[in-house]
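Summary of structural features
Take a look at the letters that make up each chain.
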Amino acid sequence: MSSSDLVELAKRRGYFFQSAGAYGGVSGFYTYGPQGATLKDNIENSWRDRFQRREGHREIDAPTVMPEPVFEASGHLDTFDDMLVECPECGESHRADHLVEDNTDIEEAESISIPDIEDLIADHDLQCPNCGAELAGEPVDDFNLMFETNIGPGSSSPGYLRPETAQGIFVEFPQLAEYARNQLPFGITQIGKAYRNEISPRKSIVRVREFTQAELEHFIDPTEDEPDIERVADVELPLYPAEQQAEDGTEYVHKTVQEAVDEGLVNEWVAYYLGVGKQWYESIGVDMDRFRFRQHLSGELAHYAADCWDAEAEVGGDWIEITGYAYRSDYDLSKHDEYSDDDFTIFKQYDEPKVVERATVDPDMSYLGPEFGGKAGDIADALEQLAERDRSAFEDEEVTVEIDGDEYTLPTEKTGFGVEEQKETGEHVMPHVVEPSIGIDRVIYTVLDHAYGEDEIEGETRKRLSLEPEVAPTFVGVFPLMDKDGMGELAREITDDLRAEGLDVTYDDSGNIGRRYRRQDEVGTPFCVTVDYEALEDDTVTLRERDSTDQVRVPVADLPDVLADLRAGETTFAELDAPTAEQ
């Protein structure tokens, strides 16, 4: 299915459309319609169930605006950039790596350096997509994607719209650790909006400026905590390692989670969540024949990631990232520990106290003060840090410390250096972080694309969305054959009863029954109930299944339970009594 066809269907059937159309629209912002908003809610709730509830994690909801120091610490102000090239004729800005990908055989240009991107633009005579002007020789610059704002009046308190939901979890770690009773491991999830000022938004909701993320930050002790691999050991993963990509290979490595861990292909924690993720994608309708896990190349790794694998889906002939699985090590917590006034470690209690040797210093401040003036305090701190990491530095008559690039030397006897035995009841541990980060909008796009199909019914082409019942925005349509002789009244009663049972129901009495079926097939409704004359006689209705178009008679009194079992997967339509083809 082409991108334009999907966008047209999505707009016509109320899934999503470009925002502010009455004012000409605005690039990179989309509104979810009545069907799309419910589909989005259903996918988010399904993600919560699999990645949060069943894993024993908890959820928070942090602000979308945060002060500048948060992003100084996280590294986003310095490193959260994309490559921009500006057309010399029309002034249109383009993402340079995307231009290379769109016009060459290179699939992952994000990992290529700016000088090499400039050379590729010149070598391939790339032109501005807007006006056709030559781009060779034009500079490629880093462009920071953060949306800037001010907190309060004036400009004294700059802030930014968050580019990821993760930082809202990291900055609150000291408080969240208390809620977890300072016991590792524990996980925190968050679903919410994130913002990136994309250079060239494209492919509708795939690359936008405002989007929804579902993120899990799983805090672990890297020396002790291990995932329960057994739970997903036999899940087979279609892996596309960096080595395969570097060799221009197109074959994937198919390994179970256990095999991937045993062979050292994937970090065990990342592998665990790849297994969890694959099961979830399949459950919501992602086509596993158009799916892979691709390892990041070294040049495209985010500044915080020690390793990262992307879950990617093929849509419209292109592979798009729908989830990043990153091992963030202790990057984020150590940065906030360094920049903030709080402690981002966990105190781990020993089973029994330990006696250890500790190097200590007790500098002679009556010497340091007159000798080094205002630097005396910094030198004392530097001596303490040096003693902790390298006690051999104090073996000579003099010791040297470095502060802001300058060296300071003083007699060792003035440092008060010594080694003493201390009893310790525990130690401070800086947790590592494992992060599945899911782009909800891209998952929605993938699910719709993979669900679309066409067949022929009664000589006419039928378009349908084969959405999984768990996520379909409308679960059942209820139709009176005709709104007369009491059929309409009974159909409306059934509609009210099914809604009271918590099912998403639509009522439709407009047009012939075949057209009503086709409307619901195209919008993705799994089941339809038809009230006919027979229903008035024996209190049974026709229950129709979307994909097969098969039908069965079901007693009205049993209908809520039958539909609830179908939605929960506790029964299948084929298991109901003798389905017949659509009449």
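Model, not experiment: these values are computed from the prediction.

**A look at the packing of helix 13 (residues 365-372) against helix 14 (residues 376-389)**
Running from N to C, helix 13 and helix 14 cross one another at 130°; their axes reach a closest spacing of 9 Å. Taken together, the axes of helix 13 and helix 14 are oblique relative to one another. The residues of helix 14 that touch helix 13, namely those facing Met365, Leu368, Gly369 and Phe372, are Ala376, Ile379 and Ala380. When its residues are assigned to classes, the contact of helix 13 with helix 14 shows 6 nonpolar, 1 polar and no charged.

**Focus on helix 19 (residues 559-568)**
Every buried residue belonging to helix 19 is among Leu559, Pro560, Val562, Leu563 and Leu566, and all of these are buried. The arc that holds the buried residues of helix 19, viewed along the axis, is 165°, so those residues lie on one side. Facing away from the buried side of helix 19 by over 90 degrees, the exposed positions are Asp561 and Ala568. Those residues of helix 19 that are buried are in contact with strand 24 (476-480), helix 16 (487-500), strand 26 (527-531), strand 27 (540-545) and strand 28 (551-555).

**Details of the environment of alanine 451**
One can find alanine 451 in helix 15 (residues 440-451). Residue alanine 451 is classed as buried on the basis of its relative accessible area of 6%. Sequence separation of alanine 451 and glycine 524 is 73 residues, and the distance between their C-alpha atoms is 8.4 Å. Those residues in contact with alanine 451 that lie beyond four places of it in its chain are Arg464, Leu465, Ser466 and Leu467.

**Here's the deal with the environment of tyrosine 339**
By the element assignment, tyrosine 339 lies in helix 12 (residues 331-339). A C-alpha to C-alpha distance of 9.3 Å links tyrosine 339 and serine 74, two positions 265 residues apart in sequence. Those residues within four positions of tyrosine 339 in sequence are excluded, and the remaining contacts are Glu72 and Ala73.

**Some thoughts on the state of the cysteines**
One pass over the full model with this rule turns up 0 disulfides. Free cysteine: cysteine 128, not disulfide-bonded; nearest cysteine sulfur from cysteine 87 at 3.7 Å. Classification of cysteine 128 by relative accessible area gives buried; the value is 3%. This cysteine, cysteine 131, is not joined by any disulfide, and cysteine 87 carries the nearest cysteine sulfur, 3.5 Å off.

**Brief notes about the packing of helix 2 (residues 34-53) against helix 15**
For any two helices packed against each other, one specifies the inter-axial angle together with the distance between the axes. Two elements in contact, helix 2 and helix 15, have axes whose closest approach is 10 Å; the angle formed by their N-to-C orientations is 110°. The angle between the axes of helix 2 and helix 15 places the two elements in the roughly perpendicular class. Only Ile440, Val443, Ile444, Val447 and Leu448 of helix 15 make contact with helix 2, whose side of the interface consists of Leu39, Lys40, Ile43 and Glu44.

**A look at empty space enclosed by the protein**
Inspection of every chain in the model, using the stated rule, returns 1 cavity of 30 Å³ or more. Of the pockets and cavities examined, the largest cavity occupies roughly 50 Å³. For the largest cavity, the full set of lining residues is Tyr30, Tyr32, Lys193, Ile205, Val208, Glu210 and Asp441. Split by residue class, the lining of the largest cavity holds 4 nonpolar, no polar and 3 charged.

**Quick word on unusual backbone geometry**
The residue after leucine 184, namely proline 185, is reached through a cis peptide bond having omega -5°. Considering the arrangement of structural elements, one finds proline 185 in the loop between helix 8 (173-179) and strand 10 (186-195). Phi is positive for alanine 20, close to 55°, though the residue is something other than glycine. Topologically, alanine 20 is positioned in the loop between strand 1 (16-18) and strand 2 (30-32). Classification of alanine 20 by relative accessible area gives partly exposed; the value is 42%. Positive phi, normally seen in glycine, also occurs at aspartate 125, with a value near 50°.

**Structural notes on the pattern of salt bridges**
If the charged atoms of two oppositely charged side chains come close together, the side chains can form a pair. The final tally for this structure, using the stated rule, is 42 salt bridges. Residue arginine 207 pairs with glutamate 198 through a salt bridge whose shortest N-O separation is 3.4 Å. Taken as a pair, arginine 207 and glutamate 198 share a single burial class, namely buried. With a shortest N-O distance of 3.0 Å, aspartate 521 and arginine 462 are connected by a salt bridge. Of this pair, aspartate 521 sits in helix 17 (residues 513-523) while arginine 462 sits in strand 23 (residues 460-465), placing them 59 residues apart in sequence. Here the salt bridges do not stand alone but share partners, grouping Asp455, Arg462, Arg464, Arg518, Asp521, Arg544, Arg546 and Asp547 into one network.

Reading the values: the criteria
- Residues numbered from 1 in each chain as written.
- Predicted model: local features only at pLDDT ≥ 70, side-chain atom pairs only at ≥ 80, totals over all residues.
- Heavy atoms only, no water.
- Axes fitted to C-alpha atoms, helices over the stretch in contact; angles between N-to-C directions.
- Helix = DSSP H or I, 4+ residues; strand = E, 2+ residues; numbered from the N terminus.
- Parallel < 35°, antiparallel > 145°, perpendicular 65-115°, else oblique.
- Contact = heavy atoms within 4.5 Å.
- Nonpolar A, V, L, I, M, F, W, Y, C, P; charged D, E, K, R; others polar.
- Buried < 20%, exposed > 50% of the residue type's maximum accessible area, 1.4 Å probe, protein only.
- Arc of directions from axis to C-beta.
- Disulfide = S-S within 2.5 Å.
- 1 Å grid on protein atoms, 1.4 Å probe; cavity = no way out; pocket = protein on both sides within 12 Å on 5 of 7 lines; lining within 4 Å.
- Points joined across faces, edges and corners; volume = space filled by probe spheres on them.
- Salt bridge = Lys/Arg side-chain N within 4 Å of Asp/Glu carboxyl O.

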